[in-house]
Amino acid sequence: MRKRTVLRLAAATAAVGGATLAYASLVERNMFTLRRYDVPVLPTDAEPLRVLHLSDLHMTPDQARKQRWVASLAALDPDLVVVTGDNMAHPDAVPGVLRALQPLLDYPGVFVFGSNDYTGPVWKNPFTYFLPDREYVEGVELPYEELREVFTGAGWVDLNNVRTAIKAGGRTIDLVGVDDPHIERDDYPSVSGKVSSSAALSIGLTHSPEPRVLDQMAADGFDLLLAGHTHGGQVCVPGVGALVTNCGLPRTMARGLHRWPGSDSWLHVSAGLGTHPTAPVRFACPPEASVLTLIAR
């Protein structure tokens, strides 16, 4: 009787595990979700400004559902589109990224790249994400210069280690961005400096939300910091949240809107819209885009 009980428990555990894996790989990773946040960063009596934040598409050529869903976000009529990297996951991904973002290229936009814009994914043991000093392994080179030309050709601003100002929503926005700190391409000192007093708003971009970069942006007075990279943990435990962030960010800040500690800056971390192709699952962390409605303080 004891042996039969053990066998039943093992069978039940296997069934639950199989059902969970099926849900995570077939259902939740395609449950594209739009999140909305109000962020109090504008001067008193200022009209709201709507920012669409996209990250971590990890696009492959055959992901038509994702492409259609992202393209439909143009109906939100954003004042500014912000893309924080990891757009590609395949050497032939540029046409798919373009199909997804084409309707949004008519709006003012800014972008930085992530590591998976430069090189493609390679198979890895997912448990290595728990190792803080794991070696970064590069895959095949991706057509990042082609993607850059698509974005800049449409008028979007490349903020990879760049400081500039643009007009959006009838306001001047002071902007700074760094190339991906996850692979040490960032050079914030070359673009650092206090925010412009003449700008109505200031925004800092980075793909990986490394505290060493966020601290510097916050010290310079940037109102809003935008990042991706974490996938929100990708596989989360209900009631616990993310188990890893794959960077120096605390697990409690793996996604969503937070006040950056010790500053007046707000940080929004997107859980992103894709997954690593070798681990195409999400659990308790659906793929997302975010609309940030910036309002008066």
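Residues numbered from 1 in each chain as written. Predicted model: local features only at pLDDT ≥ 70, side-chain atom pairs only at ≥ 80, totals over all residues. Heavy atoms only, no water.

A.B. asks: I'd love a proper account of the packing of aromatic side chains, names of residues and values included.
C.D. replies: By the definition in use, this model includes six aromatic pairs. Seen from their ring centres, Y118 and Y144 are 4.7 Å apart, and the 65° between their planes marks the pair as edge-to-face. Of the two residues, Y118 is situated in helix α4 (residues 115-118) and Y144 in helix α5 (residues 144-153); the sequence distance between them amounts to 26 residues. Neither residue differs from the other here; Y118 and Y144 are each classed as buried. Ring pairs connect the aromatic residues F111, F113, Y118, Y144, F151 and W156, which therefore count as one cluster. (Phe/Tyr/Trp six-rings, centres within 6.5 Å; stacked < 30°, edge-to-face > 60°. Helix = DSSP H or I, 4+ residues; strand = E, 2+ residues; numbered from the N terminus. Buried < 20%, exposed > 50% of the residue type's maximum accessible area, 1.4 Å probe, protein only.)

A.B. asks: Describe the packing of helix α2 (residues 64-72) against helix α3 (residues 94-101), naming the residues involved and giving the relevant values.
C.D. replies: At a minimum axis separation of 6 Å, α2 and α3 run at an interaxial angle of 35°. Residues Q67, V70 and A71 of α2 touch α3, and the partners they reach there are G96, R99, A100 and L101. Residue classes in the contact of α2 with α3 are distributed as four nonpolar, two polar and one charged. (Axes fitted to C-alpha atoms, helices over the stretch in contact; angles between N-to-C directions. Contact = heavy atoms within 4.5 Å. Nonpolar A, V, L, I, M, F, W, Y, C, P; charged D, E, K, R; others polar.)

A.B. asks: For the sheet that holds strand β4 (residues 109-111), give the residues involved together with the corresponding values.
C.D. replies: Taken in spatial order, the six strands line up as β1-β14-β2-β3-β4-β5 in an open sheet, and their pairing is mixed. The open sheet has two free edges, formed respectively by β1 (33-42) and β5 (157-158), since each of these has just one partner strand. Judged from the four bridges that link them, strand β2 (residues 49-54) and strand β3 (residues 80-83) form a sheet pairing that is parallel. Across the sheet, residue V51 finds its bridge partner in β3, namely L80. (Pairing = 2+ DSSP bridges.)

A.B. asks: So what's going on with helix α6 (residues 211-219)? Residues and values would help.
C.D. replies: Within the span of α6, buried status applies to V213, L214, M217 and A218. Each buried residue of α6 lies within a common arc of 130° when the element is viewed along its axis, so the set occupies one face. Looking one or two residues beyond α6, the residue adopting positive phi is G221, at roughly 95°. (Arc of directions from axis to C-beta.)

A.B. asks: Explain the packing of α3 against α5 to me, and be specific about the residues and the numbers.
C.D. replies: The geometry of α3 relative to α5 is characterised by a closest axis approach of 10 Å and an angle of 20° between their N-to-C directions. Judged on the interaxial angle alone, α5 and α3 are roughly parallel. Crossing of α3 against α5: the hand is right-handed. Residues V94, V97, L98 and L101 of α3 form the contact with α5, whose participating residues are E146, L147, V150 and F151. Taken together, the residues of the contact of α3 with α5 sort by class into seven nonpolar, no polar and one charged. (Parallel < 35°, antiparallel > 145°, perpendicular 65-115°, else oblique. Left-handed = near helix turned anticlockwise from the far one by under 90°.)

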